[in-house]
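# Close look at the chain arrangement
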Amino acid sequence: MDRPHRILAKSIKKHKETDSQEKGEIYLKEHTRDVWDAFENLSNSKNLPDKHIDEAVKLAIQIAIMCHDFGKVLPAFQQRTLGNIDYKPLYPYNNIPHSLFSVFWMDGEKINEQLKNVKPTQEELEHLTQFIYSAVAFHHWRGNFDQLINWSDKDLCEFLSKLIEHRSFREALFENLASEFENFQDGFNPKDYILFNEEWASGIVNGLSLAHYVMPPYLNTLLPQRAELSKEEKKKWILISGLLMRSDHFASFCEEENEDTNKIEISGLDNKLEEEVEKYIKDKSSSPNASIWQVDKVKDCKDKSVILIAPTGYGKTEFAFLWSNGDKFFYTLPLRSAVNQIFKRAKNIFTEEKTGLLHSDADVYLLGDGAETDSLKVYDFARQLSHPVIVSTGDQFFPYALKPPSYEKTYATMSYSRLVIDEVQAYNPKSAAIIVKFIEDMVLMGGKFLLMTATLPKFVKEELEKRIKKADYRIVDVYTDKKESKRNFSNLKKHKIELVRVEGVGDTKKSLFELSDEQLEQIIQRISWRVIQEAKGNKRVLVILNTVRMAQDLYDQVKRLAGNTPVYLIHSRFTLKDRENNEKVLAAEFKNPKSLNGNQPRILIATQVVEASLDIDADVLFTEIAPLDALVQRMGRVLRRIKHNPEGEVVEYRYRYDEQAKSTVEFKNYGNGFEQSETNVTVWTFENGLESGNANFYDKDLLLLSLKILKECSDRKSLEPQNLKDWLKSMEKKDTNEILDELLGEVKQPAKGKKKKLVLPHQQLKNPYAALSEYDKYEMVKLLYLSLPDDHSYLSEFRKTLDILDAGFMSDRKEEAHKIFREIYDIQLIPESKVSDFIKKIKEFFKSDEIKESKHLFTLFKKQVLSQFVVSDGYFKHRKNLSPDDWVFYKVFEKLNNNDIEEILEKLGKIYGYRNYKQDDFERKLKRWLSGIFALPVQYDESLGIRESKSKTGESDNKENQETEDAESNII
């Protein structure tokens with residue numbers, strides 16, 4: 001028999017000394033020890049509470065770690081996958097996923113013997129053994145596993161047959177494994193658990209499926225078998241699988257990046273948290289010696305889950321920081337721009353070392369304007385879930401409620417963490433249902449949550465309370481928690497609203513984008529005049545539209561007529577670079593609080609991207625009609641600088657800049673109350689379609705109820721939910737203008753024979769009324785969702801999604817789970833007119849002297865190339881014209897000449913340390929980097945973004961397509 005051969009674990013090399021035979025090679029022994037060390041560091045971390053993982057679960061994880069990569073003994077894996085060309089035996093060469101092959105080398109009797117040391121019952125013993133085998137088999141998951149698990153697989157059967165028939169071959173593999181783990185460590189040694197399971201192998205060869213022996217954690221077909229497990233047993237299974245994955249992934253990361261496994265949980269937060277948060281709040285407060293509401297409220301709920309309801313701009317973020325109580329926590333928001341803002345604030349409290357950032361472009365954001373890559377460690381460790389504080393978009397976590405492969409890693413980490421969900425009202429009903437399910441699962445796993453919002457729909461609150469009723473949680477409603485709270489919020493009236501009916505042109509049954517360009521321009525002219533007039537009063541004017549197209553058209557018109565007044569535009573259809581530049585300008589020009597010398601006029605035209613958590617301050621708002629909760633969020637950007645101080649007084653905060661360019665905060669005290677004297681919020685309703693999305697993006701019934709509540713509240717009439725339900729039903733057969741006639745009054749028609757005169761908004765019918773208090777808005781939003789019929793599609797979508805999740809639905813792929821959660825079907829594209837410049841930029845990138853190492857090479861490529869050219873747009877707008885030839889990769893590669901390619905190959909060879917870097921390798925790399933990006937004939941302007949074709953906007957074959965296409969013009 002040949003001497004045993006070393007088993008490689010990775011194709012990479014370590015940068016530091018190892019105890020392996022060849023310097024730097026990562027063999028199975030080294031990798032297994034790295035995974036072991038990562039788990040030991042994790043289980044001993046201060047971030048992980050004592051006794052969170054009981055003795056039995058910890059032992060099961062340790063056994064799984066020792067056995068998890070036994071399958072790498074496979075000849076095909078060593079030679080073909082890792083390039084271990086001297087490895088023997090050479091044959092047979094069947095390629096089988098190594099994680100599945102590992103279970104055939106695990107000694108079940110030894111595992112049971114070891115588990116008996118923790119004195120489990122017979123049922124617990126059987127379950128623990130089952131969980132260990134499952135964790136090992138499926139710590140990696142591939143799309144073809146369904147066939148391998150449930151059906152007879154030719155390669156697997158053939159290979160196992162040869163192992164059974166040829167003793168010498170079997171013994172050679174055994175000797176390779178046993179030799180690999182010589183002198184592993186005292187007490188635990190993988191060598192003790194190695195034994196070929198001939199019984200299982202024979203069963204597979206004779207027609208049994210792998211699922212007969214090892215229960216898959218994901219496939220829906222085997223749900224009934226998994227459903228028999230108790231919640232406590234499922235939790236153990238998730239912890240064993242999830243913490244094996246977490247430790248394995250982190251060990252691999254450390255091996256690639258030359259990091260230490262003790263950073264799997266970066267050291268916890270210190271005891272000065274409350275002091276730091278108090279200082280941060282008092283620095284912005286007019287009463288440095290007064291009590292702080294966040295400190296008072298958090299005292300009774302530091303160790304509980306919390307539902308917090310508080311107005312916009314009221315300091316919910318600081319409450320969240322205090323509530324974290326020094327534990328590991330995740331802070332989630334719906335939008336990347338808002339996440340970046342909170343990340344900056346979190347760093348000020350928790351330090352840069354302990355604060356991570358996680359979203360799809362976090363690496364580019366962290367790289368900033370320089371070429372240094374050290375800052376990207378924040379992103380690397382955030383992806384490994386290592387920071388004690390991680391600020392993230394919700395889509396990085398909530399889709400795991402759909403249980404896609406590897407969800408256990410996230411659930412296991414959440415089991416000992418705290419989760420903050422901010423701005424839950426910004427998610428649609430389906431996403432909100434997924435979030436509720438995620439929270440329910442997290443509580444069952446042992447984690448805590450903080451749900452924060454200014455406007456929480458009652459149906460979400462009630463469903464959540466029903467699901468966590470056994471958990472220790474607290475509702476903190478700052479509007480009503482004290483007798484004086486209602487009075488204080490009733491006396492704070494920052495927003496005085498008018499409802500304006502924007503008269504239509506042409507056939508008013510047509511939506512705005514079904515009109516001719518000339519007709520649409522008439523309407524745009526009417527609303528732009530008033531916007532410009534407001535700005536001329538030295539005011540900051542914010543305009544929020546429901547569609548990108550409407551925002552662009554209004555921007556064109558206002559820009560042309562506004563003279564020297566600065567006009568800005570922001571929406572989602574910009575390249576990443578242009579969007580970031582716009583956000584930087586926005587943060588400066590609409591800074592909160594407004595400076596004392598900041599009375600210059602300016603206008604910001606935006607879509608819904610400014611609604612959630614953006615800390616900007618405007619004087620006046622113009623907005624299309626939207627559901628009341630969205631309108632409240634939009635109003636929250638107006639007079640944001642006026643709020644209650646810690647003593648309950650209403651104070652206006654303003655910055656003053658001294659000669660040394662240092663800012664100080666000054667205050668204007670309004671005493672016990674404040675009431676806006678002039679109209680500062682105008683809500684537009686359009687006769688042509690009610691709103692620019694033609695009531696397709698927002699539910700039409702929600703828009704009508706919102707309008708009805710605003711109108712009736714202006715007359716101070718009392719409203720009951722049932723009355724509103726009856727009214728909504730009575731509107732079913734009426735068209736938009738009939739409803740507007742009833743709500744806002746009829747527009748006077750010209751006398752017979754006279755030409756209808758176009759009137760400007762300030763001359764039209766308006767419904768001004770007393771300013772809305774913060775408490776009014778709170779009550780109105782509650783009323784909105786109470787007034788929806790019980791069988792309404794908005795509510796039924798929420799409930800149907802929960803029913804599906806409760807029934808055990810599991811997504812096959814992570815990508816599918818993300819699409820279901822976000823309900824955004826975008827494509828990434830480059831305008832055809834920019835392809836030549838794009839190719840030129842790619843050549844410059846690969847030839848640049850700045851590109852010196854392979855680490856974070858793709859991030860640099862994203863920042864320096866993709867961020868300047870790639871923009872998102874709605875898939876359904878382009879789907880009929882898409883073809884494989886539109887993939888930008890093909891257009892790029894056909895334009896690179898031989899000299900270009902030779903230069904690039906030479907440069908990549910130096911970067912990766914290969915003498916001969918092959919063209920095929922470069923082609924594969926570029927194909928991966930440009931995956932899913934198309935070159936399409938769209939117009940793009942850096943000041944406007946993607947300019948939608950006016951001739952195509954609004955066109956559709958049927959209502960379903962129209963709804964989808966209109967929604968694609970919007971931003972969630």
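See above for the structure.
Right, let's get into the overall build of the protein. Summing up its helical and strand segments, the protein has 39 helices and 25 strands in all. Counting all 972 residues of the protein, 59% fall into the buried class. When contacts within the protein are restricted to residue pairs at least 6 apart in sequence, long-range pairs at least 24 apart make up 77% of them. Put simply, the protein shows about 41200 Å² of open surface, and 44% of that area lies on carbon and sulfur atoms.

For the structure shown, the criterion picks out 61 salt bridges. Close ionic contact of Glu 652 with Arg 641 constitutes a salt bridge, the shortest N to O distance being 3.0 Å. Remark: Arg 641 occurs in the loop between helix H26 (628–635) and strand S16 (642–644) and Glu 652 occurs in strand S17 (residues 650–657); sequence separation between them is eleven residues. Under the relative-accessibility criterion, Glu 652 is labelled buried at 9%. Taken together, the shared-partner salt bridges connect Lys 437, Glu 440, Glu 463, Lys 466, Arg 467 and Asp 806 into one network.

Structurally, Ile 164 can be placed in helix H8 (residues 154–165). Sequence separation between Ile 164 and Glu 198 is 34 residues; the distance between their C-alpha atoms is 6.7 Å. Not counting residues up to four positions away in its chain, the partners in contact with Ile 164 are Arg 170, Phe 196, Glu 198, Ala 201, Ser 202 and Val 205.

With that settled, consider the nonpolar core. Residues Phe 104 and Trp 105 are the most contacted members of the largest nonpolar core, which totals 272 residues. The greatest single-element share of this core, amounting to eleven residues, is contributed by helix H12 (residues 231–257). Residues within four places of Phe 104 in sequence aside, it is in contact with Leu 156, Leu 160, Leu 195, Phe 196, Asn 197, Trp 200, Ala 201, Ile 204 and Leu 210. Of all hydrophobic cores here, the second largest spans 40 residues; its members include Val 502, Val 558, Phe 686 and Leu 829.

With that settled, the discussion passes to the sheet that holds strand S9 (residues 473–477). Here we have seven strands laid out as an open sheet, ordered S5-S6-S4-S7-S8-S3-S9, and parallel in their pairing. Sheet topology places strand S5 (355–358) and S9 at the edges, where each strand pairs with a single neighbour. Averaged over all adjacent pairs, the angle separating strand axes in this sheet is 15°, with direction ignored. Pairing of S5 with strand S6 (residues 389–393), which is carried by four bridges, proceeds in the parallel orientation. Within S6, the residue paired with Leu 358 across the bridge is Ser 392.

In this fold, Gly 693 is placed in the loop between strand S20 (681–686) and helix H27 (700–714). Spatially, the C-alpha atom of Gly 693 lies 8.0 Å from that of Ser 511, the residues being 182 residues apart in sequence.

Of all the residues in helix H22 (residues 483–490), the buried ones are Ser 485, Asn 488 and Phe 489. Relative to the axis of H22, the buried residues are bounded by an arc of 90° and lie together on one face.

Turning next to empty space enclosed by the protein. The tally for this structure, following the rule as stated, stands at one cavity of 30 Å³ or more. Taken as a whole, the largest cavity encloses approximately 80 Å³ of empty space. Top contributing element to the lining of the largest cavity by residue count: S16, with three residues. Per-class residue counts for the lining of the largest cavity are five nonpolar, three polar and four charged.

The next subject is the packing of helix H1 (residues 28–43) against helix H2 (residues 55–67). Contact pair H1 / H2: the axes reach a minimum separation of 9 Å and the direction vectors enclose 160°. With respect to their mutual orientation, H1 and H2 come out roughly antiparallel. Seen along the crossing, H1 lies across H2 with a hand that is right-handed. Side by side, H1 and H2 meet where Thr 32, Val 35, Trp 36, Phe 39, Glu 40 and Ser 43 of the first sit next to Lys 58, Ile 61, Gln 62, Ile 65 and Met 66 of the second. For the contact of H1 with H2, the residue count by class is six nonpolar, three polar and two charged.

Parameters at a glance
Residues numbered from 1 in each chain as written. Predicted model: local features only at pLDDT ≥ 70, side-chain atom pairs only at ≥ 80, totals over all residues. Heavy atoms only, no water. Helix = DSSP H or I, 4+ residues; strand = E, 2+ residues; numbered from the N terminus. Buried < 20%, exposed > 50% of the residue type's maximum accessible area, 1.4 Å probe, protein only. Contact = heavy atoms within 4.5 Å. Areas by Shrake-Rupley, 256 points an atom, 1.4 Å probe, with all protein chains shown as cover. Salt bridge = Lys/Arg side-chain N within 4 Å of Asp/Glu carboxyl O. Core = buried A, V, L, I, M, F, W, Y, C linked by side-chain atoms within 4.5 Å. Pairing = 2+ DSSP bridges. Axes fitted to C-alpha atoms, helices over the stretch in contact; angles between N-to-C directions. Arc of directions from axis to C-beta. 1 Å grid on protein atoms, 1.4 Å probe; cavity = no way out; pocket = protein on both sides within 12 Å on 5 of 7 lines; lining within 4 Å. Points joined across faces, edges and corners; volume = space filled by probe spheres on them. Nonpolar A, V, L, I, M, F, W, Y, C, P; charged D, E, K, R; others polar. Parallel < 35°, antiparallel > 145°, perpendicular 65-115°, else oblique. Left-handed = near helix turned anticlockwise from the far one by under 90°.

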